[in-house]
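Remarks on the overall topology
These are the residues of each chain, in order.
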Amino acid sequence: MIKAIALDMDNTLLNSQKQISPLNQQVLKKLHQQGIQIILCSGRAFGALELLKNP
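Procedures and definitions
- Residues numbered from 1 in each chain as written.
- Predicted model: local features only at pLDDT ≥ 70, side-chain atom pairs only at ≥ 80, totals over all residues.
- Heavy atoms only, no water.
- Helix = DSSP H or I, 4+ residues; strand = E, 2+ residues; numbered from the N terminus.
- Buried < 20%, exposed > 50% of the residue type's maximum accessible area, 1.4 Å probe, protein only.
- Contact = heavy atoms within 4.5 Å.
- Areas by Shrake-Rupley, 256 points an atom, 1.4 Å probe, with all protein chains shown as cover.
- Expected span 1.5 Å × (residues − 1).
- Salt bridge = Lys/Arg side-chain N within 4 Å of Asp/Glu carboxyl O.

1. Overview of the overall build of the protein
Within the protein, the secondary structure is distributed over two helices and two strands. When the helices and strands of the protein are listed from N to C terminus, the series reads β-α-β-α. Relative to its full complement of 55 residues, the protein shows a buried share of 16%. Of the contacts made within the protein by residues no fewer than 6 positions apart, 70% connect residues no fewer than 24 positions apart. In the structure as shown, the protein presents an accessible area of about 4500 Å², 57% of it carried by carbon and sulfur atoms.

Here you go:
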């Protein structure tokens, strides 16, 4: 049973406009509804991630 999924943000989850595609949003919501934890990963400094909150 899968309990969690970890995804890198840059060039994996986020597109070149720093957005999550509608398809990826749909899949992430479905995983969350199934009780799977979504873990976002990045090599960025924490402060740089704040910029992605409201691009």
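2. As for helix 1 (residues 22-33)
Between its first and last C-alpha, helix 1 extends 16 Å over twelve residues, near the 16 Å set by a 1.5 Å rise per residue. Directly beyond the C-terminal end of helix 1, a positive phi value near 85 degrees is found at glycine 35.

3. A closer look at the pattern of salt bridges
Applying the stated criterion across every chain yields a total of two salt bridges. Measuring nitrogen to oxygen at the nearest pair gives 3.9 Å for the salt bridge that ties aspartate 10 to lysine 18. A salt bridge links arginine 44 to aspartate 10, with the nearest nitrogen and oxygen atoms 2.8 Å apart. You can see arginine 44 sitting in the loop between strand 2 (37-41) and helix 2 (46-50) and its partner aspartate 10 sitting in the loop between strand 1 (4-8) and helix 1, a full 34 residues away along the chain. What emerges from the salt-bridge pattern is a single network uniting Asp10, Lys18 and Arg44.

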